[in-house]
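# Results of the structural survey
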Amino acid sequence: RDIVKKYLASQGLPDTDPQLMQLYRVDLEGDGTDEVVICAQNILTGTENRAQWDDDVVLPLNAYSAAKGDYSLILLRKIVDGKVAEIPLGQFIALADSAPADKDWTPPILYKIYQFADLNGDGVLEIILGMHMPEETAYQIHMVEDGKASMVLENEISS
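Residues numbered from 1 in each chain as written. Predicted model: local features only at pLDDT ≥ 70, side-chain atom pairs only at ≥ 80, totals over all residues. Heavy atoms only, no water.

## Examining the pairing of strand β4 (residues 83-93)
As judged from the 10 bridges shared by strand β3 (residues 71-80) and β4, these two strands associate in the antiparallel manner. Bridging across to β4, Arg-77 finds its partner in Glu-86. What sits between the antiparallel neighbours β3 and β4 is a turn of 2 residues, in which Asp-81 has the positive phi angle 55°. (Pairing = 2+ DSSP bridges. Helix = DSSP H or I, 4+ residues; strand = E, 2+ residues; numbered from the N terminus.)

Quick look at the structure:
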């Protein structure tokens, strides 16, 4: 929670009380050193006034609007050049209220970690994540190499 709190503060959201949704410790690169992959968010879904989602259901986001302080993100925490680094794999951070009529509007995005798998047979696990938005879902595959993470594949599904 402290890691996410510090990261959010660096992105313009100080004094946030992070809600962790998923937390994995996994050796992505097969080098004997575990990385940590964190999914945190506070975007409200459904009617329960708390962050939630179901594995098999597209997320029912309440609205197309975002309130200042809304966030959803996935961070990869790993050792890079002997130092711990937080690498964002995906993030939605609302620094101000926004709605579809606004010039710079972006719909709320809810991130989720789906799986770790060696999809290309190189001995390194890729990270499969989902991005859920009001009218579409996208899936991304990220690979980690030389202390960097990069998206190597993305597909979108409109509802």
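## A look at unusual backbone geometry
Across residues other than glycine, the phi torsion is negative in most instances, and most of the peptide bonds are trans. You will see that Asp-15, though not glycine, has its phi angle at about 60°, which is positive. Here Asp-15 lies in the loop between α1 (2-10) and β1 (20-26). Looking at Asp-15, the relative accessible area reads 73%, which means it is exposed. Here Asp-81, not a glycine, exhibits a phi torsion of approximately 55°, which is positive. With respect to the secondary-structure elements, Asp-81 resides in the loop between β3 and β4. (Buried < 20%, exposed > 50% of the residue type's maximum accessible area, 1.4 Å probe, protein only.)

## Quick word on the sheet that holds β1
Ordered in space as β1-β2-β3-β4, the 4 strands form an open sheet in which the pairing is antiparallel. In this open sheet, the two edge strands, each paired with only one partner strand, are β1 and β4. Averaged over neighbouring strand pairs, the angle between their axes works out to 15° when direction is ignored. Each of β1, β2 (35-41), β3 and β4 touches α1; the most contacted strand, β3, lies at about 110° to it. (Axes fitted to C-alpha atoms, helices over the stretch in contact; angles between N-to-C directions. Contact = heavy atoms within 4.5 Å.)

## Description of the confidence of the model for the chain
A residue-level look at the chain finds 85% of positions with pLDDT of 70 or above and a mean pLDDT of 84. Strand β8 (residues 148-158) is the least confidently modelled element of the chain, averaging 86 in pLDDT, while α1 averages 96, the highest of any element. Taken together, the stretch residues 46-50 has pLDDT below 50 and engages in 6 contacts with residues farther than four places along the chain or on a different chain. In this model residues 56-61 is a low-confidence stretch, pLDDT under 50, and it forms 15 contacts with partners more than four residues away in sequence or in other chains. (pLDDT = per-residue confidence, 0-100.)

## Quick look at a negative patch on the surface
Together, Asp-118, Asp-122, Glu-145 and Asp-146 make up a region of like negative charge exposed at the surface. A residue is classified by how much of its surface remains accessible, and Asp-146, at 69% relative accessible area, is exposed. (Patch = residues over 30% accessible without salt bridge, like charges linked within 9 Å, V, L, I, M, F, W, Y side chains within 5 Å. Areas by Shrake-Rupley, 256 points an atom, 1.4 Å probe, with all protein chains shown as cover. Salt bridge = Lys/Arg side-chain N within 4 Å of Asp/Glu carboxyl O. Lys, Arg positive; Asp, Glu negative; His and termini not counted. Charge placed at Lys NZ, Arg CZ, Asp CG, Glu CD.)

## Structural notes on the packing of aromatic side chains
Inspection of every chain in the model, using the stated rule, returns 2 aromatic pairs. Judged by centre distance (5.2 Å) and plane angle (75°), the rings of Tyr-24 and Phe-116 are edge-to-face. One end of the pair, Tyr-24, is in strand β1; the other, Phe-116, is in strand β5 (residues 110-117), with 92 residues separating them in the sequence. Look at Phe-116 and you get buried, because its relative accessible area is 15%. (Phe/Tyr/Trp six-rings, centres within 6.5 Å; stacked < 30°, edge-to-face > 60°.)

## Some details on the pairing of strand β7 (residues 136-145)
Burial runs high along β7: 7 of the 10 residues are buried. In the sheet, strand β6 (residues 126-133) pairs with β7 via 7 bridges, with the strands oriented antiparallel. Among the inter-strand pairings, Gly-130 is bridged to a residue of β7, identified as Tyr-139. Hairpin remark: β6 followed by β7, antiparallel, with 2 residues in the connecting loop.

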